[in-house]
Amino acid sequence: MIKSIYNSSAGMRSKMVNMEIVANNLANINSTGYKRDAAFTEILKETGVEQLNGQPDTSGMVTRQYVDFSEGSLNNTNNQLDVAIQGRGFFVVETPNGLRYTRDGHFDLTSTGLLVTAEGYPVIGKEGKIQLPEKENLKRAKLLIDESGEIILDDKTVAKLRIVDFADLSKLSKEGKSLFNSNLIPHTIEPLENLSVVRQGYLEASNVDGIAEMVAMIEMTRSFESNQKAIQTQDETLQKAIEVGKL
């Protein structure tokens, strides 16, 4: 009986973790370049190794979380500073905590013409930070970012976006909505040669399927309620067994 209560409790905790993940995915459904989180429940061969409130959890169920790196759809913005990667790869940006990687290509210019992300982090090119004319002057120039990531200003190449990839994407960890960090050394890739293309005037949408996430949320809520009712029934049965034992 006690074992059954532990199992039902573990099922509830698993569903709570999953519901938090789904809620976060839905909150970021409109976040450019966002990659949805997912989870799976693992049944351990040896129980009693996981801790719950300082006590061993004998259910043997552990929920693991991972990132789904599948591509989101590309949306046309007609903004010359918006870029998206079609295929593998990440843009490189410089943050106060070091280099980070993103699929969010919603770039802008500072007052001095430095190419930055929406958060203000400098975008890194093949030769370092990318310096362009000030925004007002840029309006009078012809700016092209070609499929290889080269930034061409008035028919002259002035910089090239640095695009990198990782052998094992599971080693990347999320920071905020669209940034990733990794202890692995990334390798620079050349678009076009590695089935990767840069699209100017486009942004990659979140890969969250709102309908699928809502369906999953409903299913998890029902499962959570079923486990909750099971615990109540088991608790009542256990209480009756205790009362009988006292007679």
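For the structure itself, look to the data block above.
Residues numbered from 1 in each chain as written. Predicted model: local features only at pLDDT ≥ 70, side-chain atom pairs only at ≥ 80, totals over all residues. Heavy atoms only, no water.

A.B. asks: Help me understand the overall build of the protein in this model?
C.D. replies: Along the protein, the regular secondary structure elements total 3 helices and 21 strands. Burial analysis of the protein (247 residues in total) assigns 41% to the buried set. Carbon together with sulfur atoms contributes 50% to the accessible area of the protein, which is approximately 13900 Å² in total. (Helix = DSSP H or I, 4+ residues; strand = E, 2+ residues; numbered from the N terminus. Buried < 20%, exposed > 50% of the residue type's maximum accessible area, 1.4 Å probe, protein only. Areas by Shrake-Rupley, 256 points an atom, 1.4 Å probe, with all protein chains shown as cover.)

A.B. asks: Whenever I open this one, the pattern of salt bridges confuses me. Can you help?
C.D. replies: A pair can form between side chains of opposite charge whenever their charged atoms are brought close. The final tally for this structure, using the stated rule, is 12 salt bridges. Where Lys129 meets Glu94, a salt bridge forms, and the shortest distance between an N and an O atom there is 3.3 Å. Note that Lys129 is positioned in strand S12 (residues 128-129) and Glu94 in strand S7 (residues 90-95), a separation of 35 residues in sequence. For Glu94, a relative accessible area of 31% gives the class partly exposed. With a shortest N-O distance of 2.7 Å, Lys160 and Glu190 are connected by a salt bridge. Pair noted here: Lys160 is in strand S15 (residues 156-160) and Glu190 is in the loop between strand S19 (187-188) and strand S20 (197-200), with a separation of 30 residues, a long-range link. Relative accessible area serves as the criterion here: at 18%, Lys160 is assigned to the buried category. Using a relative accessible area of 24% as the deciding quantity, one classes Glu190 as partly exposed. Via salt bridges that share partners, Lys35, Glu71, Arg103 and Glu204 belong to a single interconnected network. (Salt bridge = Lys/Arg side-chain N within 4 Å of Asp/Glu carboxyl O.)

A.B. asks: In this structure, what is going on with the pairing of strand S8 (residues 98-102)? I would like to understand it.
C.D. replies: Look at any regular strand and the pattern is simple: side chains alternate between the two faces of the sheet. The sheet contact formed by S7 and S8 spans 5 bridges and is antiparallel. Paired with Thr95 across the bridge in S8 is Gly98. Between S7 and S8, which follow one another and run antiparallel, lie 2 residues. (Pairing = 2+ DSSP bridges.)

A.B. asks: What is the right way to look at the nonpolar core in this model?
C.D. replies: The tendency in soluble globular proteins is for nonpolar side chains to be buried as a group. If you look at the biggest cluster of nonpolar residues, it comprises 20 residues, and the most contacted ones within it are Leu115, Ile130, Ile151 and Leu161. The set of elements that each furnish at least two residues to this core consists of strand S6 (83-86), strand S13 (143-145) and strand S14 (150-153). Contact partners of Ile151, with chain neighbours within four places excluded, come to Leu115, Ile130, Leu132, Leu143, Leu144, Ile145, Lys156, Thr157, Val158, Ala159, Lys160 and Leu161. Phe69, Ile124, Val164 and Phe180 belong to the second-largest nonpolar core, a separate cluster that totals 11 residues. (Core = buried A, V, L, I, M, F, W, Y, C linked by side-chain atoms within 4.5 Å. Contact = heavy atoms within 4.5 Å.)

Geometry only, nothing functional implied.
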